[in-house]
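Below are the chains, spelled out letter by letter.
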Amino acid sequence: MPELLLELFSEEIPARMQKKASEDLKKMIADGLVAAGLTYEGAVAFATPRRLTLHMTGIPVKGMDVREEKKGPRVGAPDQAIQGFLKGAAIASLDEARVVSDKKGDYYVADMVKAGRRAIDVLAELVPATIRAFPWPKSQRWGSGTLRWVRPLHSIVCTFGSDLEEPEIVPFEVDGIHAGNITRGHRFMGPAPFSVKRFDDYVQKLQNAHVILDPERRKHIILEDAKSLAFAQGLELVEDEGLLDEVAGLVEWPVTLMGAFEEEFLEVPAEVIRATIRANQKCFVLRS
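Below is a short write-up of the structure.

Cut-offs and rules
- Residues numbered from 1 in each chain as written.
- Predicted model: local features only at pLDDT ≥ 70, side-chain atom pairs only at ≥ 80, totals over all residues.
- Heavy atoms only, no water.
- Helix = DSSP H or I, 4+ residues; strand = E, 2+ residues; numbered from the N terminus.
- Rg over C-alpha atoms; globule rule 2.2 N^0.38 Å.
- Buried < 20%, exposed > 50% of the residue type's maximum accessible area, 1.4 Å probe, protein only.
- Lys, Arg positive; Asp, Glu negative; His and termini not counted.
- Salt bridge = Lys/Arg side-chain N within 4 Å of Asp/Glu carboxyl O.
- Polar contact = N/O pair within 3.5 Å; in protein donor to acceptor, adjacent residues only side chain to side chain.
- Contact = heavy atoms within 4.5 Å.

**As for the overall build of the protein chain**
Point 1. Along its length, the protein chain carries seven helices and 16 strands.
Point 2. Relative to the 2.2 N^0.38 estimate, which gives 19 Å for 288 residues, the radius of gyration of the protein chain is 28 Å and therefore markedly larger than a compact globule would have.
Point 3. Reported as C-alpha extents along the three principal axes, the dimensions of the protein chain are approximately 100 × 40 × 35 Å.
Point 4. Here the protein chain holds 288 residues, and 40% of them are scored as buried.

**Details of the side chain of Arg-218**
Point 1. Checked against the element boundaries, Arg-218 lands in helix H5 (residues 215–232).
Point 2. The side chain of Arg-218 sits in the buried core without any salt bridge; Asp-214 is the nearest counter-charge, 6.5 Å away.
Point 3. For Arg-218, the side chain forms a polar contact with the main-chain oxygen of Leu-213, separated by 3.0 Å.
Point 4. Beyond its immediate chain neighbours, meaning those up to four positions away, Arg-218 contacts Gln-18, Ala-47, Thr-48, Ile-212, Leu-213, Ala-248, Gly-249, Val-251, Glu-252 and Pro-254.

**Quick notes on the pattern of salt bridges**
Point 1. The full count for this structure, using the stated rule, is 21 salt bridges.
Point 2. Between Glu-12 and Arg-151 there is a salt bridge, with its nearest N and O atoms 3.6 Å apart. With Glu-12 in the loop between strand S1 (3–10) and helix H1 (15–35) and Arg-151 in the loop between strand S8 (148–149) and strand S9 (153–161), the pair connects residues that are 139 residues apart, well separated along the chain.
Point 3. The exposure class of Glu-12 is partly exposed, given its relative accessible area of 37%.
Point 4. Among the residues examined, Arg-151 registers a relative accessible area of 26% and is labelled partly exposed.
Point 5. Bridged by salt links that share partners, the residues Glu-216, Lys-219, Glu-241 and Asp-245 form one connected network.

Given below as structure tokens:
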């Protein structure tokens, strides 16, 4: 079954907004597909300091046809009512309708078939509408002034297709930004643009360009490296889940380092040191 790869690449996404933004993106696209009569098997969203990414699998190429009954006027109704019924039911004559009886008499019914829409056409409308309606707690305008985003939106990756064929680029644009298959890696260590196809290809190429897409993996790297550095010095890491979440949202390629203060600056209460380092330096505290 085809998969969707969507990346919204911007100048910056504040760490405190990333988790909810990824959840909002997944819900808005998933709900929009379902409302359009399209199902999906799985959906997962990710956030880094510069990108929101959505991967959805099991989306059919085309939605199922929907059969509907359109109730018409009574048999013998005025011609104006008959003509209105024929037009609304998209049929040429009453020969294409059937007569149904109830307690009040006979009336016409047309059997209508509403063709399912192609998924790529639905996405071409749904994704830009989602971008324009995205519920950022704080956002800004730039460029033409018609688009609001948390920080300037630089590029959009949006591809759709199965793993057996070359995926298509979903055709749409938002405020002059055309969807494509080109993204970038780390701001300094991998800034050159590169093309992507499907999700596995995307994740690997990001890693080659010094970007760890999954925030949980970034958290794991930071935590385990910090513990190892502390252990090597005979120290213990003071774990802080809230700070770990925040720091993982500040970097795309985490590298853990250890520093130290002069002893004379550590004579204040431990709580004061920890609060200051946590709030101002976004650093973890070690203890003997």
